[in-house]
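This is what each chain is made of:
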Amino acid sequence: MLSSDFSNLASEAHRMTNYGADWLHMDIMDGHFVPNLTIGAPIIESLRKHTKAYLDCHLMVTNPLDYVEPLGKAGASGFTFHIETSKDNWKELVERISIQGMRPGVALKPETPIEEVYALVEAENPVEMVLVMTVEPGFGGQKFMPEMMDKVRILRKKYPSLDIEVDGGLGPSTIDTAASAGANCIVAGSSVFGAPEPAQVISLLRNSVEKAQQTH
Ligand SMILES: O=C(CO)[C@H](O)[C@H](O)COP(=O)(O)O
Ligand SMILES: [Fe+2]
């Protein structure tokens, strides 16, 4: 939703779910962890009144713990924090996210090694999704980094049933690379919002993932 018209968020959300989107990816940025500022819990709360869609919140903030309760109460569905901000308190974070009824996920920046998330996937209270950033976090419309696919391949081999999300620069020209590496949750902002027929792009992305899953 980073590429949506923020002044018409509810109608943009309806537009995307009608076009076939399964989830709405909500980029929460604090102007500190990343040099951009977007939305927070009040806007998620407002949007929740207009849609039943899964709100997949991606926390690009320095203190994700501060956002758990507000976002849980606002009706967020998934809460994905960055490992770079949470090396010392991820266990507490995951536990509190689950208590708030949200699905915990962990994200990693391009320069962060994949090994840093293994403990979170293997924990007693594990994260349920790993988000592999395929651009530097902060802005939409950047170029996909194919070299991040090594991380996706390693994760898919190690954890066959894990949800692996890729985020940044995904669209018709990059989806096959991500899908064949093993990604099954695809975030697409500019390629969908910028398309003359967004429904066609969404269906192309889905088909690519389903085809790759059949051949795995
Ligand atoms: O987390 C993000 C940026 O930090 C966005 O989710 C991501 O960039 C999606 O936008 P696009 O598809 O335009 O690259
Ligand atoms: Fe994102």
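The structure presented is a predicted model; accordingly, all values stated were derived computationally and were not measured.

Regarding the site of ligand 1
For ligand 1, the set of nearby residues contains 18 residues, the closest of which are D27, G138, D167, G189 and S190. Between an oxygen atom of ligand 1 and a side-chain N or O atom of D27, the distance comes to 2.7 Å. Here an oxygen atom of ligand 1 sits 2.7 Å away from a polar atom, N or O, in the side chain of D167. Computed on the free molecule, ligand 1 has an accessible area of 370 Å², of which 99% lies beneath the protein chains in the complex. Counting residues per element, the ones that place at least two in the shell around ligand 1 are strand 1 (23–29) and strand 2 (54–60). Looking at the shell around ligand 1, the element that brings in the most residues is strand 1, giving three residues. Residue composition of the shell around ligand 1, grouped by class: seven nonpolar, nine polar and two charged.

As for the layout of surface pockets
Taken as a whole, the largest pocket holds about 800 Å³ of empty space. In terms of lining, the largest pocket is formed by 45 residues, of which the most central are H25, I186, V187, A188 and L205. For the lining of the largest pocket, the secondary-structure elements that each account for two or more residues are strand 1, strand 2, strand 6 (163–167), strand 7 (185–187), helix 8 (190–193) and helix 9 (198–215). Broken down by element, the lining of the largest pocket gets its largest block of residues, six residues, from helix 9.

Some words on the coordination of the iron ion (ligand 2)
Around the iron ion (ligand 2), the protein supplies H25 (NE2), D27 (OD), H58 (ND1) and D167 (OD) as donor atoms, at distances of 2.1 to 2.3 Å. Here the iron ion (ligand 2) binds six donor atoms, and the angle range of 70 to 176 degrees at the metal identifies the geometry as octahedral. Written as a sequence motif, the donor arrangement for the iron ion (ligand 2) is H-x1-D-x30-H-x108-D. With H25 in strand 1 and H58 in strand 2, the pair connects residues that are 33 residues apart, well separated along the chain. Each member of the pair H25 and H58 is classed as buried.

Each value, and the rule that gives it
Residues numbered from 1 in each chain as written. Chains lettered and ligands numbered in written order. Predicted model: local features only at pLDDT ≥ 70, side-chain atom pairs only at ≥ 80, totals over all residues. Heavy atoms only, no water. Near = heavy atom within 4 Å. Polar contact = N/O pair within 3.5 Å; in protein donor to acceptor, adjacent residues only side chain to side chain. Areas by Shrake-Rupley, 256 points an atom, 1.4 Å probe, with all protein chains shown as cover. Helix = DSSP H or I, 4+ residues; strand = E, 2+ residues; numbered from the N terminus. Nonpolar A, V, L, I, M, F, W, Y, C, P; charged D, E, K, R; others polar. 1 Å grid on protein atoms, 1.4 Å probe; cavity = no way out; pocket = protein on both sides within 12 Å on 5 of 7 lines; lining within 4 Å. Points joined across faces, edges and corners; volume = space filled by probe spheres on them. Donors = N, O, S within 2.8 Å, 3.2 Å for Na, K, Ca; no water. Tetrahedral: all angles 85-135°; square planar, octahedral: opposite > 155°, others 65-115°. Buried < 20%, exposed > 50% of the residue type's maximum accessible area, 1.4 Å probe, protein only.

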